[in-house]
Amino acid sequence: MFGYFNTDSLARINRLDLIDLTPRFSPLIVQIIVGVTFSSVAVIAREIINNWAVGAGPFAVNVPFILLATLFGRFRAGFLALILTTAYSWYYVLPAIGSFSFEDPGDGPRTLVNAATGLIIVCLGDAARTTGRWLLLEKEQRIAERDMLLVEVDHRVKNNLAILSSLLALQQQKSENAEVKSALGKAAGRVHSLSKAYESLRYDNLDNIAVVDMRDFLNRLCDSLREALMLDGRIELIVAADTCQLSRDRAGAIGLLVNELVTNAVKHAFIDRDKGTIRVEIRTVSDGAVLEVSDDGAGLPDIVRDGAQGTQFLNAFAQMAKGELDSETGEHGTQYICRLEETP
């Protein structure tokens, strides 16, 4: 019987503990109400069964309602339900009906055995409920501790990235070499991209922190990019994403890839243009997913095409995401497509 109640089932039942849900009332009053209510339901069930099987299983019908009274109202509710349903079955179901006397000499021991069995059910049900309650509280405590650690880790990572970005900016200001200043500026930009991607990669689903909903992630990331790149309407950044979940490592790499591609498009694709559109799209396919970042600009200059350091970063990010990156660029715009393989 108790094999049907795993810890998750007991946890859900414990959340419906009627004593906890009615703190304004005395626990004893709540338990009496619960015991009487489930006993009444047991009587109704008995009467329904009597319509087609009079007297069948005189005590068996009581068992599930005794157990439910125990699980929802604790021990005293279950014990009260046991007393009431046993008395009802003894008086109204067993011969002689309407009397506490027994026509069959074996009914006396049977009544005693059923009452003892019901008491065992109440004890076991209450023990299972208590165990489930303890497991639930322990689980919630661990979740709270985990959440606190995640917040602390997030805080430290963000601080470290901010410190690193500040140090690079400081070194850039101090350097007198143009090439060094340029390299430090690019490094600071990479750190800033990493910071933005990390900020967007927050923990939404605490029940499964290993995966990321890509639709929400890309929307948050692009919101951050609109603010960071000061897209005041001149350049429109559009996100179109299917429901897709990826591991945190792959999602982080995709965030860096999108950040790099959008930043490059804003810097290089719309020179001498009043308006433009950048589109970030991820769609699911039969063997994985496809990420596409495109713009309707004038095409990227040679400095950011094949062989450039930026392209090396893009390919590295794509490999981290377990994908293959292809690109096309021309006078009508640039399109990057990253095919993400499905992983078990």
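**Quick look at unusual backbone geometry**
Negative phi characterises most residues that are not glycine, and trans characterises most peptide bonds.
Point 1. Cis geometry marks the peptide bond from proline 95 to alanine 96; its omega dihedral reads 5 degrees.
Point 2. Topologically, alanine 96 is positioned in the loop between helix H4 (62-93) and helix H5 (107-174).
Point 3. Unlike most non-glycine residues, arginine 74 shows phi in positive territory, near 75 degrees.
Point 4. Residue placement: arginine 74 occurs in helix H4.
Point 5. Look at arginine 74 and you get partly exposed, because its relative accessible area is 21%.
Point 6. Although it is not a glycine, lysine 322 sits at a positive phi angle of roughly 60 degrees.
Point 7. By the secondary structure assignment, lysine 322 is in the loop between helix H9 (309-320) and strand S6 (323-330).

**Remarks on the pairing of strand S2 (residues 235-241)**
Point 1. In S2, alternate side chains face the same way, and those of Ile235, Leu237, Val239 and Ala241 are buried while those of Glu236, Ile238 and Ala240 on the opposite face are not.
Point 2. Pairing analysis gives seven bridges linking S2 to strand S4 (residues 276-285), with the strands arranged parallel. Residue pairing for S4: valine 239 is matched across the bridge by valine 280.

**Points about helix H8 (residues 248-269)**
Point 1. Over its 22 residues, H8 extends 30 Å from the first C-alpha to the last, a length consistent with the 32 Å expected when each residue adds 1.5 Å.
Point 2. Counting buried residues in H8 gives 19 out of 22 residues, a clear majority hidden from the surface.

**Concerning the side chain of serine 175**
Point 1. Along the chain, serine 175 turns up in the loop between H5 and helix H6 (178-200).
Point 2. For serine 175, the side chain forms a polar contact with the main-chain nitrogen of asparagine 177, separated by 3.3 Å.

**Observations regarding the packing of aromatic side chains**
Point 1. All chains considered together, the criterion is met by eight aromatic pairs.
Point 2. With a centroid separation of 4.8 Å and 75 degrees between ring planes, the pair formed by tyrosine 91 and tyrosine 92 is classed as edge-to-face.
Point 3. Accessibility expressed as a relative area gives 26% for tyrosine 91, which makes it partly exposed.

Rules used throughout
Residues numbered from 1 in each chain as written. Predicted model: local features only at pLDDT ≥ 70, side-chain atom pairs only at ≥ 80, totals over all residues. Heavy atoms only, no water. Helix = DSSP H or I, 4+ residues; strand = E, 2+ residues; numbered from the N terminus. Buried < 20%, exposed > 50% of the residue type's maximum accessible area, 1.4 Å probe, protein only. Pairing = 2+ DSSP bridges. Expected span 1.5 Å × (residues − 1). Polar contact = N/O pair within 3.5 Å; in protein donor to acceptor, adjacent residues only side chain to side chain. Phe/Tyr/Trp six-rings, centres within 6.5 Å; stacked < 30°, edge-to-face > 60°.

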